[in-house]
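Read off the chains here:
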Amino acid sequence: MPNSNIPVITIDGPTASGKGTVAHKVADRLGFHLLDSGALYRLTALSALRRGTALNDEHALAKVAEHLTIRFHGGHVYLGTEEVSHAIRAEEVGNTASRIAALPAVRQALFALQLGFRETPGLVADGRDMGTVIFPTAQLKVFLTASVEARAQRRYKQLIDKGFSANIDDLLEDLQSRDARDTQRAVAPLMPAEDAHLLDTSQMTADEAVEQVLAWYAGK
Ligand code: CDP
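Residues numbered from 1 in each chain as written. Predicted model: local features only at pLDDT ≥ 70, side-chain atom pairs only at ≥ 80, totals over all residues. Heavy atoms only, no water.

## Observations concerning the site of the ligand
And step 1. Among the 20 residues in the neighbourhood of the ligand, the closest are listed as Thr-15, Arg-42, Arg-107, Arg-178 and Asp-182.
And step 2. Side-chain polar atom of Arg-178 to an oxygen atom of the ligand: 2.5 Å apart, as the coordinates give it.
And step 3. Within the side chain of Arg-185, an N or O atom sits 2.9 Å from an oxygen atom of the ligand.
And step 4. Here the ligand loses 96% of its free accessible area of 520 Å² to cover by the protein chains.
And step 5. Looking at the shell around the ligand, the elements that each hand over two or more residues are helix H2 (37-51), helix H4 (91-100) and helix H8 (168-184).
And step 6. Looking at the shell around the ligand, the element that brings in the most residues is H2, giving four residues.
And step 7. When grouped by side-chain class, the residues that make up the shell around the ligand number five nonpolar, five polar and 10 charged. (Near = heavy atom within 4 Å. Polar contact = N/O pair within 3.5 Å; in protein donor to acceptor, adjacent residues only side chain to side chain. Areas by Shrake-Rupley, 256 points an atom, 1.4 Å probe, with all protein chains shown as cover. Helix = DSSP H or I, 4+ residues; strand = E, 2+ residues; numbered from the N terminus. Nonpolar A, V, L, I, M, F, W, Y, C, P; charged D, E, K, R; others polar.)

Dropping the structure here:
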């Protein structure tokens, strides 16, 4: 069957909006595959940091992205043979990911890799440009938002739960500069697709957001 007939639900939104959790749960409920596209930028960032690649060398960074050997398995992420699920969640890696994600050659290098995740019975794709650039033919597009304060609280809890140290004021500042970079970059800026459903989750639990997404999907 042509690839564009395989159902895709895209869930885009700013940092710490809860996309990851919601995407995961929606994929579980539907038995769909999951693409955490942010993890690809984080893996590129981790690999570049470890190799000492200059963070302003677009060509070299695109090569790093192109040659990533990655595997997602049972909720774990591998870079080569190393399990890096924890390492890619560090704030330094997230900040580097956000910087290199602004480089067109890096985005291009990850393009085909992302399309390959569209497999039967379906895919839930989480990121910034899933509905606008990578899967414009998605059957359902969702754009999740939440206030910057709600997002800082969520990120704080996430980091503490994972055993990282965190400071709420630094996180607020980080989120704001990451939002600015993600929305103002020239390529694939963070914005809702024209046909996206908007969902503000500031006052919602993840499970309530999941139910809403499933209801929209069932109505398609
Ligand atoms: O968890 P958080 O939302 O901070 O980040 P993430 O979803 O893991 O993505 C890390 C970084 O990659 C983001 O800050 C974005 O700048 C970038 N990204 C992107 O540009 N396009 C995507 N489709 C996914 C992530």
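Back to the text.
## With respect to the pairing of strand E3 (residues 70-73)
And step 1. Two strands pair when backbone bridges link them, and E3 and strand E4 (residues 76-79) are joined in this way by four bridges, in the antiparallel orientation. Paired with Phe-72 across the bridge in E4 is Val-77.
And step 2. The loop that links E3 with its antiparallel partner E4 comprises two residues; one of these, Gly-74, has a positive phi angle of about 50 degrees. (Pairing = 2+ DSSP bridges.)

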